[in-house]
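Residue strings, one per chain:
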Amino acid sequence: MKRHLAVLACSLAVAVPAYAADEADAMALLEDSKCFKCHSVDKKKDGPAYKEVAAKYKGKPEAEAKLTKHVTQPSKVKIDGVEEDHGAVKIRSEARIKNLVQWILSR
Ligand code: HEC
């Protein structure tokens, strides 16, 4: 029985393409965490567009770990030469953060 479940899980994993991140949940999290103040999906604001971020990290194996750190640990960024708090997501749900990072990387 166990073996059947494992086989089933594998075929499901293959069937779900990489862009299947939960967009609604990622957007809700960005909204709640005020990320759209400085970012948009496809236009540069004070921060880079998420499409730009996805392009920058395309094919880089360390992308997910790096962005997870970036969105969960407060840091400082320079905007027009002025240092500002970057901010971080307001939740600690690993699953939602992973979803968000994968969503950003698949723009
Ligand atoms: C005060 C404005 C501001 C806010 C608020 C903000 N960001 Fe940013 N973000 C920036 C700037 C500026 C950069 C570019 C920093 C750099 O490249 O050094 C950046 C970079 C990034 C990057 C790319 C990092 C990289 O390594 O290239 C990601 C991903 C990101 N932000 C996600 C988020 C998320 C998620 C939130 C909400 C929790 C958020 N940002 C909130 C300004 C902001």
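Per chain, residue numbering runs from 1 following the sequence as it is written. Given that this is a predicted model, residues contribute local features only at a pLDDT of at least 70 and side-chain atom pairs are listed and counted only at 80 or more, while totals for whole chains, interfaces and linings are drawn from all residues. Excluded from the side-chain calculation are hydrogens and water; included are all heavy atoms of the structure.

**Some thoughts on the layout of surface pockets**
Cavity: a set of points on a 1 Å grid over the protein atoms alone where a 1.4 Å probe fits but cannot get out. Pocket: an open set with protein on both sides within 12 Å along at least five of seven lines, its lining residues, like those of a cavity, having an atom within 4 Å of a point. Grid points are joined across faces, edges and corners, and a volume is the space filled by probe spheres set on the points. Counted as a void, the largest pocket has a volume near 690 Å³. Every residue lining the largest pocket is counted, 31 residues in all, and those nearest its centre are H39, P48, H70, V77 and H86. Among the elements of the structure, α3 (50-57), α4 (63-72), β1 (76-79) and β2 (82-85) are those that each provide at least two residues to the lining of the largest pocket. Each residue belonging to the lining of the largest pocket can be placed in one class, and the counts come to 14 nonpolar, six polar and eleven charged. Helix numbering and strand numbering both begin at the N terminus, where a helix is a DSSP run of H or I of at least 4 residues and a strand a DSSP run of E of at least 2. When residue character is reported, Ala, Val, Leu, Ile, Met, Phe, Trp, Tyr, Cys and Pro are called nonpolar, Asp, Glu, Lys and Arg charged, and the others, Gly included, polar.

**Brief notes about the packing of aromatic side chains**
Only Phe, Tyr and Trp rings take part, Trp by its six-membered ring, and two of them pair if their centres are within 6.5 Å. Stacked means planes under 30 degrees apart, edge-to-face means over 60, and tilted covers everything else. In the structure shown here, the tally under the stated rule is one aromatic pair. Between Y50 and W103 the ring centres are 6.4 Å apart and the planes differ by 70°, which places this aromatic pair in the edge-to-face class. Note that Y50 is positioned in helix α3 and W103 in helix α5 (residues 94-105), a separation of 53 residues in sequence. By relative accessible area, which is 6% here, Y50 ends up buried. The rule is simple: take the accessible area with a 1.4 Å probe, protein chains only, and divide by the maximum for that residue type; under 20% is buried, over 50% is exposed, in between is partly exposed.

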